[in-house]
Amino acid sequence: MSTNIIGAASGEELQVTQVTIEQLQPRDAVFVYDEFDRHPSNIVAVYVFDAADAAEPVDAPRIVSWVSARLGYAQLFRRRLRRVPLDLDLPYWVPDTAFDVGKHVLIGEPESGWDEVRRRLGDIAAQRLDLALPPWQIHVFPRVHGVPGAPGAAATIMVLKFHHSACDGVATRELELKLFGGGACPPAAADGAPVWSAPPVFARAVGVFPYRFARFVAGVRRTRSAAQAVRRRVDADRIHEPSRWRPATRFNRRIGSGPTVGLVTIPLPEVLTAKARCADHVTVNDVMLTIVSGALAAYLAENGELPAESLAAMVPMSMRGIADWNSANQLCQMSVDLHTDIADPHDRLMRIRRSVRWEKQRNSDDAVLRRESRVQTSPAWLLRLAGWARAQQPYDNLARVPLNNTTISNVAPVGNGLAFCGAPLIRVFGVLPTLDGDGLRHLITSQGDEIVISYSVDPAMMPDPDHYGELLLRSFRELVDALQAGGS
């Protein structure tokens, strides 16, 4: 909720963010109920700024002042989570009346090296947020030496960390345009915030329980009917369901310590040139999926572990403009066949292109949308029970895993002209936390003329992560060579 005021200095009309009480939507609450130590629900975005171009060095007081001035951009900065007793109903976002910005802004040593910060990024991604506080953190490393691709002697690195129940990757992109865009900062209205009280909320939950249960039963009937419609469309070859099971790999086990983080940069013009060589239309995302597929297959083959059957990736897909959802998270999970059983890079690209199109078509189908809407009518106690059951899932010695072997997420390009305390943005990437059953995860981001592939991996599953980075680059070159040789 917001109201308009006029900035005294600029005359610009600003929106004051009113911190309100709001109940979570089921799709957002899932990230609360599914979370445990080896399954953190974190979004971690990393921004690299050119410290040499900053007007003056950043220090702790200046960083805290910068953050404090921008708390009015989103309610999530001043709201914390409160659960209903016995989880009889969905949790609520409520104003944090004891908010302390110092608990959310964490500043590293004035001088540090890239290897140390790289290790810290894995720790930051793996550590769960304290949901008794507003679910966000900002970590700043003022001067980092040896950052790959940084033009100067040192760079300033800022890490934004949010709980996934509060926003998704697309919303994070929208927020960073405000934080780093240089516009006037609206204040957050702290006075007059509503008060949340557990006893009346619990009484309300008891009162609406029969309605929630009846709604759940009706939802089950609707989704069963939708599932029958989906089966008919599959039989008629109108939509294609992904394979339900995939061969397990070393990355589909129980994770151990925090992940190792690796980065690979690829020139965007070269990707666009490779894309243009294809006679059939392919997207940049198709190309990037093919690169990861080639590297994953090569790594497993080098270790004598490449299954004869193809592997698959979970690829998030934004549902904005497709489905009318009112949740903070508006993503579905595609299961894309990576065709790791295809040796030729060009053929693999064409197969992946088809698999992506099939998954986009499937997840946009009205019957599939109705079938998957069951989460919207699921009661809180059932969502919590499902989360508990997932936490008990054993991953040791499994021969097959459901749907996917790895994650490959691709977020939208970052805006231009972004800066932090006068230092221009030179690179952005993300870090996905590793999860039980998903010990190798990739996040692809573009900024300017480069694409960054960030990969997070359990160090016990991949003791040589830098070699995997080399395989990603080799996979790209092999794809470029195959496209050139094919004359496509």
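The model shown is predicted, which means the values in this text are computed figures rather than measured ones. (Residues numbered from 1 in each chain as written. Predicted model: local features only at pLDDT ≥ 70, side-chain atom pairs only at ≥ 80, totals over all residues. Heavy atoms only, no water.)

Peer 1: Go over the pairing of strand β14 (residues 312–318), please, and point to the residues and values.
Peer 2: The buried fraction of β14 amounts to five of the seven residues, a majority that puts the element mostly inside the structure. In this sheet, strand β15 (residues 331–337) lies alongside β14 in antiparallel orientation, the contact comprising seven bridges. Looking at β15, one finds that A313 is bridged to V336. Across two bridges, the pairing between β14 and strand β17 (residues 406–410) is parallel. (Buried < 20%, exposed > 50% of the residue type's maximum accessible area, 1.4 Å probe, protein only. Helix = DSSP H or I, 4+ residues; strand = E, 2+ residues; numbered from the N terminus. Pairing = 2+ DSSP bridges.)

Peer 1: Can you break down the environment of P142 residue by residue, with the values?
Peer 2: Checked against the element boundaries, P142 lands in strand β9 (residues 136–145). With 33 residues separating them along the chain, P142 and E109 place their C-alpha atoms 7.3 Å apart.

Peer 1: Describe in detail the domain arrangement of the protein chain, supporting the description with residues and values.
Peer 2: The assigned domain composition of the protein chain is domain 1 (22–203) and domain 2 (243–412 + 439–486). The C-alpha-based centres of domain 1 and domain 2 are spaced at 26 Å. Opposite the 29 residues of domain 1 that make contact, domain 2 presents 33 residues. The contact between domain 1 and domain 2 buries some 2700 Å² in all, and 55% of this surface belongs to carbon and sulfur atoms. When the buried area of domain 1 at its contact with domain 2 is split by residue, R27, R38 and R118 rank highest and sum to 28% of it. Here domain 1 is connected to domain 2 by four salt bridges. Across the salt bridge formed by R320 and D168, the nearest N and O atoms sit 3.0 Å from each other. Applying the counting criterion to the domain 1 and domain 2 interface returns 11 residue pairs in polar contact (both at pLDDT 80 or more). (Domains from an automatic or database assignment. Contact = heavy atoms within 4.5 Å. Buried area = accessible area lost by both parts, 1.4 Å probe. Salt bridge = Lys/Arg side-chain N within 4 Å of Asp/Glu carboxyl O. Polar contact = N/O pair within 3.5 Å; in protein donor to acceptor, adjacent residues only side chain to side chain.)

Peer 1: Tell me about a nonpolar patch on the surface, and name the residues and values.
Peer 2: A contiguous nonpolar patch, built from F209, F213 and W381 and spanning about 260 Å² of accessible area, is present on the exposed surface. Examined against the element boundaries, F209 turns out to sit in helix α5 (residues 198–235). F209 gets classed as partly exposed once you look at its relative accessible area, which sits at 31%. (Patch = residues over 30% accessible without salt bridge, like charges linked within 9 Å, V, L, I, M, F, W, Y side chains within 5 Å. Areas by Shrake-Rupley, 256 points an atom, 1.4 Å probe, with all protein chains shown as cover.)

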